[in-house]
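What follows is each chain in one-letter form.
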Amino acid sequence: MTDFYASGLAPYASDPLLSRGRRVAEALAPTRNDFQRDRDRIVHSSAFRRLVYKTQVFLNHEGDLFRTRLTHSLEVAQLARSMARSLNLHEDLVEAIALAHDLGHTPFGHAGQDALNHCMREFGGFEHNLQSLRVVDFLEERYALFDGLNLTFETREGILKHCGLAQARELDAREPAGLGARFINGTQPSLEAQLCNLADEIAYNAHDIDDGVRSGLLSMEQLRANVPWFEHYCSKTLALYPQIQGRRWLFETIRLMLSEQVYDVIETTRAGLLPLGLQSAAEVRSFPEALVAFSVPMQEASLALKQFLSANLYRHPRVLQTTDYAKEIIRDLFLAYVHTPTEMPESFHARHDRERAVADYIAGMTDRFAAKEHHRLSAWSPLKAGHGLATGAQEGWGVDRSLQDPNPSSGLSSGPSSGSSFGPSFGSGPRPESGGATKGDTP
Ligand code: MG
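Each residue is numbered by its place in its chain's sequence as written, counting from 1. Selection of residues for local features in this predicted model requires a pLDDT of at least 70, selection of side-chain atom pairs for listing and counting requires 80 or more, and totals for whole chains, interfaces and linings are taken over all residues.

Asks: Describe helix H15 (residues 296-314), listing the residues and the values that go with them.
Replies: Relative to the 27 Å expected for 19 residues at 1.5 Å per residue, H15 spans 25 Å between its end C-alpha atoms, a close match to the ideal helical length. Any two residues are considered in contact once their C-beta atoms, placed from the backbone, lie within 7 Å. For the purposes of this entry, the term helix denotes a DSSP run of H or I that reaches at least four residues, the term strand denotes a run of E that reaches at least two, and both are numbered from the N terminus. Buried positions along H15 lie against helix H10 (191-215), helix H11 (220-226) and helix H12 (228-240). What a helix is expected to span follows from its residue count: subtract one and scale by 1.5 Å.

Here you go:
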């Protein structure tokens, strides 16, 4: 079988023909290399399709133009492929990793993850990165011969970006010298995995500026005054196009920022790799530090932007308001399913690891399915009485307020005052006609 990219690959790139293989051995596909096949399995998975209805930062129904986990993953894949091609790394592998990297995210973004982690604190916790791995290793049910997607070691390695020592030891016990090993030994993943990590950071920094301004929670003036790096690109854009204004100015500024970061990673990485003369992906893994990197000034600039976004967007009072609702929903669902597991589909309620089964079920939900389930279970009096499902969150459930909003897709022009979609409308539940979800509906 020929590999289209193999001819142009650097010696330190990952080569599918040298893959450490799959957990269940399979014959090679006649027309696709193993990383292509991984990518295709990811695209066809249910977890991938659910990303379209999962929150990135802004809740799914707050506007049609905000990023979702799906569009975020596509942007990460685009950036990673573009850098991989320049660096002669394997494009199919970076695409597979990028498209799968967020499969384990809960509904409602980081608020959902924090809430589920809190619910699971006595049962091993919850971490979206490890959950992405659980999705591709166990939770997808599509193939006759194995659970999960049976991806190659290299794709799985890229998906598991972080891992605590205790969890790494658990992984290592199940899979000796496998995915947990690098967190125990302090070694590195492939260059393709390292690249996806940076592509993720570049993507969310850029699109969160765009979405933040679109939502009205951030303004260009505020960014210019507080983030010198942003101001630098704003002025540069203005010098190039003196007539530019409004959203075109913002987009051109973001575009310039994106390009400069991509060029910076390519140049810095290339310059770092050159004198080392590495001859294999194995040498990359045993090198003491990550080799795909920003230059020091770019790293500092990116960090400053991240800190700004964290303080002014992710912790904006109106974002936090929605966070509280999200936490309530996740906590209520967790209590309800642990109390009455038969409210979950059989494949989950039949499991003996009850709390983990509940966490797996909830983590797989889209925002709207979680809302629908919350509405269904809130109306069910035994649970309400027994576990005190949050009454605050019940108000408004079952009424999709976005249906009443004449202009649900907020554009750049919507300022905070028009953003009625924050807070109260977070309570938007299912559409009235679908209010009574079928018991055991699979998310
Ligand atoms: Mg991501």
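So that's the structure; there's more coming.
Asks: Go over the environment of Val 358, please, and point to the residues and values.
Replies: Along the polypeptide, Val 358 turns up in helix H18 (residues 354-363). Burial is judged by counting the other C-beta atoms within 10 Å of a residue's own C-beta: 20 or more makes it buried, 12 or fewer makes it exposed, and any count in between marks it as partly exposed, with every C-beta position built from the backbone. By C-beta crowding, Val 358 is classed as buried, having 27 other C-beta atoms within 10 Å.

Asks: Hey, could you go over the packing of helix H16 (residues 317-339) against helix H19 (residues 367-378) for me, with residue numbers and the actual values?
Replies: To characterise two packed helices, one gives the angle between the axes of the helices and the distance between these axes. At a minimum axis distance of 10 Å, the contact between H16 and H19 shows a crossing angle of 55 degrees. The angle between H16 and H19 places the two elements in the oblique class. H19 is crossed by H16, and the crossing has left-handed handedness. Contact residues: Ile 329, Asp 332, Leu 333 and Ala 336 in H16; Ala 370, Ala 371, Glu 373, His 374 and Leu 377 in H19. Residue polarity follows a fixed list, in which Ala, Val, Leu, Ile, Met, Phe, Trp, Tyr, Cys and Pro are nonpolar, Asp, Glu, Lys and Arg are charged, and the others, Gly among them, are polar. Each residue belonging to the contact of H16 with H19 can be placed in one class, and the counts come to six nonpolar, one polar and two charged. The axes are straight lines fitted to the C-alpha atoms, using for helices just the contacting stretch, and the angles between their N-to-C directions are given from 0 to 180°. The cut-offs work like this: below 35 degrees is roughly parallel, past 145 is roughly antiparallel, 65 to 115 is roughly perpendicular, and the gaps in between are oblique. Handedness of each helix crossing follows the sense of rotation of the near helix against the far helix: counterclockwise by less than a right angle gives left-handed, clockwise gives right-handed.

Asks: Outline the nonpolar core, supporting the account with residue identities and numerical values.
Replies: Residues Ala 80, Val 94, Ile 97, Ala 98, Leu 195, Cys 196 and Ala 199 are the most contacted members of the largest nonpolar core, which totals 65 residues. A total of nine residues in this core trace back to one element, the largest contributor, which is H10. The contacts of Ala 98, once residues within four sequence positions are left out, are Ser 73, Val 76, Ala 77, Ala 80, Cys 196 and Ala 199. By convention the nonpolar core is taken to be a set of buried residues drawn from Ala, Val, Leu, Ile, Met, Phe, Trp, Tyr and Cys and joined through C-beta atoms within 7 Å. Residues Ala 326, Phe 334, Ala 363 and Phe 369 belong to the second largest nonpolar core, which totals 26 residues.

This is a description of form; function is not addressed.
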